[in-house]
Amino acid sequence: MRPRASAREAEPAPPCTLVIFGVTGDLTRRLLMPALYNLSRWGLLQEGFSIIGVGRSAMTPDSLRAEFDTAIRGFVADRGGDLASQGVDEAAWRRVVGRLDYVQGDIGEAATFTEIGRRLDAGEVGANALFYLAVAAQLFGPIVRRIGEAGLAREQDGAFRRVIIEKPFGQDLASARSLNRDVLSVLREEQVFRIDHFLGKETVQNIMAFRFGNGFFEPMWNRDRIDHVQITVAETVGVERRGTFYDATGAMRDMVPNHLFQLFTLIAMEPPVSFGADAIRDRKEEVLAAVRPLDGEVAIRDAVRAQYTAGTVEGRAVRDYRAEPDVDPRSTTETFVAMKLAIDNWRWGGVPFYLRTGKSMRRRDTEIAIQFRQAPLALFREAGVDVQVPNWLVLQIQPDEGISLQFGAKVPGPRVKLDQVTMGFKYRDHFQVDPSTGYETLIYDAMIGDATLFQRADNIEGGWQVVQPVLDAWAALAAPMARYAAGSAGPREADA
């Protein structure tokens, strides 16, 4: 019997009202509602759970429910396998969509928040409330400020008031600091859950279990045994309909301070004293603080930016980035970034970390590849072996979650000849894991108050402190913009 996922073994979250700002948006329809459906299926939502959606559109709760009903049936059908064959669990879905209310209002008006407060007071779940900001980043500060002015952040009689804030958290170091000041002027740090959906993926969470729960790898997790680390987040999609947002943001701001640095810090951090939220986030902050600064000419040498040109991705034609809708024809916004980072501490001194991310790449791939130092060659040289095969540990985050170990083995025959072989573990082969969006764990953790998988204010600012000198150098020194064909593995400059 294969082990089942442990979601059903968890205790249900305390009853609360989830207030979703931006309830009519794509994020809510495509990810949040399917995640809530799964939590309901797994028995992790109590009877007192309810939803208040907030939006500007003129619609009724019934029309909103109808939209989500269509979306959830598409989600189940798209996931295939047992989930699709069983169809929608109608009882589980009714426990979510049947408790949905809607407030039409402008977030710039105090009356909207007064009405939200009235609905919360009239609810049957007491005062527990979780506010989800599924809106454009420029609205994060104003919404939190309005929540504070309306008294909705006030916690009384043991009830909680928490806020989930989506990425991007700031556009640079100054704006991230400013947003943190605004948010923390209304909320305490423990009320703030800065979400990065990468940390909802099982393989990302498994990094800590793999490192610290097994005695054979952690002793080798250092500069004496590891040659270098490569972290890749490659996407086959281009900017699609997000040209306005993306051309003002770029790959560095969109991916590096959050997604890539989450993987980077989990791989590089020291063992925490516990799995408590602050113990882990302290260790992550130490990694970011130890990164050698990339500024001036160093940033030009060790950080490459590039844009995709016309090409073919998975059989479909892709236009040049500068010809995409809502993109400036003279744009200097990067769609690809590659960086070489050094950590100046005892564990990692001399070990380079290579980070890269890009759009319209050859294949979708998120992985961490760790190459170990080679063993002395003297023994094998006498047998005519001049080059050993490299030893790799690869943590595959998506699309096919798993872990593999590549090492050298003797080829059968009378001569000593080494070849590379692979041992692999795939989640789908060992665990019966229900299809998910990656948001289930994060929403559940916010409901129970576990901030382990969320970023703290200093983690956010620490990531921007690493990235900001590179952005400044690119702007001041007119860093070259490399080009790569859509459907390729990226620019040659990144390999160099």
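What counts, and where the lines are drawn
- Residues numbered from 1 in each chain as written.
- Predicted model: local features only at pLDDT ≥ 70, side-chain atom pairs only at ≥ 80, totals over all residues.
- Heavy atoms only, no water.
- Helix = DSSP H or I, 4+ residues; strand = E, 2+ residues; numbered from the N terminus.
- Rg over C-alpha atoms; globule rule 2.2 N^0.38 Å.
- Contact = heavy atoms within 4.5 Å.
- Areas by Shrake-Rupley, 256 points an atom, 1.4 Å probe, with all protein chains shown as cover.
- Lys, Arg positive; Asp, Glu negative; His and termini not counted.
- Charge placed at Lys NZ, Arg CZ, Asp CG, Glu CD.
- Buried < 20%, exposed > 50% of the residue type's maximum accessible area, 1.4 Å probe, protein only.
- 1 Å grid on protein atoms, 1.4 Å probe; cavity = no way out; pocket = protein on both sides within 12 Å on 5 of 7 lines; lining within 4 Å.
- Points joined across faces, edges and corners; volume = space filled by probe spheres on them.
- Nonpolar A, V, L, I, M, F, W, Y, C, P; charged D, E, K, R; others polar.
- pLDDT = per-residue confidence, 0-100.
- Pairing = 2+ DSSP bridges.
- Axes fitted to C-alpha atoms, helices over the stretch in contact; angles between N-to-C directions.
- Parallel < 35°, antiparallel > 145°, perpendicular 65-115°, else oblique.
- Phe/Tyr/Trp six-rings, centres within 6.5 Å; stacked < 30°, edge-to-face > 60°.
- Lys NZ or Arg CZ within 6 Å of the ring centre and 35° of its normal.
- Polar contact = N/O pair within 3.5 Å; in protein donor to acceptor, adjacent residues only side chain to side chain.
- Core = buried A, V, L, I, M, F, W, Y, C linked by side-chain atoms within 4.5 Å.
- Salt bridge = Lys/Arg side-chain N within 4 Å of Asp/Glu carboxyl O.

Draft legend 1. Representation of the overall build of the protein chain in the model. In terms of helices and strands, the protein chain carries 17 helices and 17 strands. Here the C-alpha atoms of the protein chain give a radius of gyration of 24 Å, agreeing with the 23 Å that 2.2 N^0.38 yields for 496 residues. With respect to the principal axes defined by its C-alpha atoms, the protein chain has extents near 80 × 60 × 50 Å. Taking all contacts inside the protein chain whose residues are at least 6 apart in sequence as the whole, residues at least 24 apart take part in 78%. For the protein chain, the accessible area works out to roughly 22300 Å², and carbon and sulfur atoms hold 50% of it. One way to put it: in the protein chain the 59 positive side-chain charges average out to a point 3 Å from where the 66 negative ones average out.

Draft legend 2. Here's a closer look at the side chain of Thr249. As for its placement among the helices and strands, Thr249 is situated in the loop between helix H9 (243–247) and helix H10 (250–268). For Thr249, a relative accessible area of 4% gives the class buried. Residues contacting Thr249, with those up to four places away along its chain left out, are Gln171, Asp254, Thr333 and Glu334.

Draft legend 3. Focus on the environment of Arg283. Here Arg283 is to be found in helix H11 (residues 277–290). The spatial distance from the C-alpha of Arg283 to the C-alpha of Thr265 is 8.1 Å, given a sequence separation of 18 residues. If we ignore the near neighbours within four places in the chain, the residues touching Arg283 are Met269, Glu270, Pro271, Pro272 and Val273.

Draft legend 4. Highlighting the layout of surface pockets. In this model, the second largest pocket occupies a volume close to 830 Å³. Of all the elements, strand S12 (residues 352–358) adds the most residues to the lining of the second largest pocket, at 5 residues. Here the lining of the second largest pocket is built from residues that sort into 21 nonpolar, 6 polar and 11 charged.

Draft legend 5. Representation of the confidence of the model for the protein chain in the model. For the protein chain, the mean per-residue pLDDT works out to 89, and 93% of the residues sit at or above 70. Here residues 1–5 is modelled with pLDDT under 50, and outside its nearest four sequence neighbours on either side it reaches 11 contacts, counting other chains as well.

Draft legend 6. Structural context of the pairing of strand S14 (residues 391–398). Of all the 8 residues making up S14, 7 are buried; the element is thus mostly covered by neighbouring parts of the structure. When S14 meets strand S15 (residues 402–410), the two strands line up antiparallel, connected through 5 bridges. What sits directly across from Trp392, in S15, is Gln406. Between S14 and the antiparallel strand that follows it, S15, lie 3 residues.

Draft legend 7. How the structure looks around the packing of helix H1 (residues 26–41) against helix H15 (residues 440–448). In contact at an axis separation of 9 Å, H1 and H15 are set at 70° when each is read in the N-to-C sense. Compared by their axis directions, H1 and H15 come out roughly perpendicular. When H1 is examined against H15, the residues Leu32, Pro34, Ala35, Leu36, Asn38 and Leu39 are found in contact with a partner set consisting of Glu440, Ile443, Tyr444 and Met447. Split into classes, the residues belonging to the contact of H1 with H15 amount to 8 nonpolar, 1 polar and 1 charged.

Draft legend 8. Empty space enclosed by the protein, seen in detail. Throughout the structure, instances matching the rule amount to 3 cavities of 30 Å³ or more. A volume near 130 Å³ is recorded for the largest cavity. What lines the largest cavity is a set of 14 residues, among which Lys167, Phe169, Asn258, Gln455 and Ile460 lie closest to the centre. Per element, the largest residue contribution to the lining of the largest cavity is 3 residues, and it comes from H10. A per-class count over the lining of the largest cavity returns 6 nonpolar, 3 polar and 5 charged. In this structure, the second largest cavity is lined by Pro257, Asn258, Phe261, Gln262, Thr265, Lys284, Leu288, Phe454, Gln455, Asn459 and Gly463. Put simply, the parts of the chain that give the lining of the second largest cavity at least two residues each are H10, H11 and helix H16 (457–476). Tallying contributions element by element places H10 first for the lining of the second largest cavity, with 5 residues. Considering only residue class, the lining of the second largest cavity consists of 4 nonpolar, 6 polar and 1 charged.

Draft legend 9. Layout of the packing of aromatic side chains. Counted according to the given criterion, the structure contains 15 aromatic pairs. Considering the side-chain rings of Tyr308 and Tyr484, the 6.4 Å spacing of their centres and the 70° angle between planes classify their relative orientation as edge-to-face. You can see Tyr308 sitting in strand S8 (residues 303–309) and its partner Tyr484 sitting in strand S17 (residues 482–485), a full 176 residues away along the chain. Each of the two residues, Tyr308 as well as Tyr484, counts as buried. Among the aromatic residues, ring-to-ring pairing joins Phe210, Phe216, Phe217, Trp221 and Phe372 into one connected group. Lying over the aromatic face of Phe160, Arg162 brings its terminal NZ or CZ to 3.8 Å of the ring centre.

Draft legend 10. Structural context of the side chain of Asp320. Along the polypeptide, Asp320 turns up in the loop between strand S10 (316–318) and strand S11 (336–342). From its side chain, Asp320 meets the backbone nitrogen of Arg322 in a polar contact 2.8 Å long. Side chain to side chain, Asp320 and Arg483 meet in a polar contact 2.8 Å long. Beyond its immediate stretch of four places on either side in the chain, Asp320 contacts Tyr308, Thr309, Ala310 and Arg483.

Draft legend 11. Highlighting the nonpolar core. Core analysis: the biggest nonpolar cluster contains 148 residues, and Phe21, Phe131, Phe264 and Phe353 have the highest contact counts within it. The element that contributes the greatest number of residues to this core is H10, accounting for 11 residues. Those residues in contact with Phe264 that lie beyond four places of it in its chain are Ile231, Val287, Leu288, Val291, Leu341, Ile343, Phe353 and Leu355.

Draft legend 12. Highlighting the pattern of salt bridges. What the rule picks out here adds up to 32 salt bridges. Between Arg283 and Glu286 there is a salt bridge; the shortest N-O distance is 2.8 Å. Of this pair, Arg283 and Glu286 both sit in helix H11, separated by 3 residues, roughly a single helical turn. Relative accessible area serves as the criterion here: at 39%, Glu286 is assigned to the partly exposed category. A salt bridge links Asp365 to Arg363, with the nearest nitrogen and oxygen atoms 3.7 Å apart. Through salt bridges with shared partners, a single ionic network connects Asp278, Arg281, Asp282, Arg456 and Asp458.

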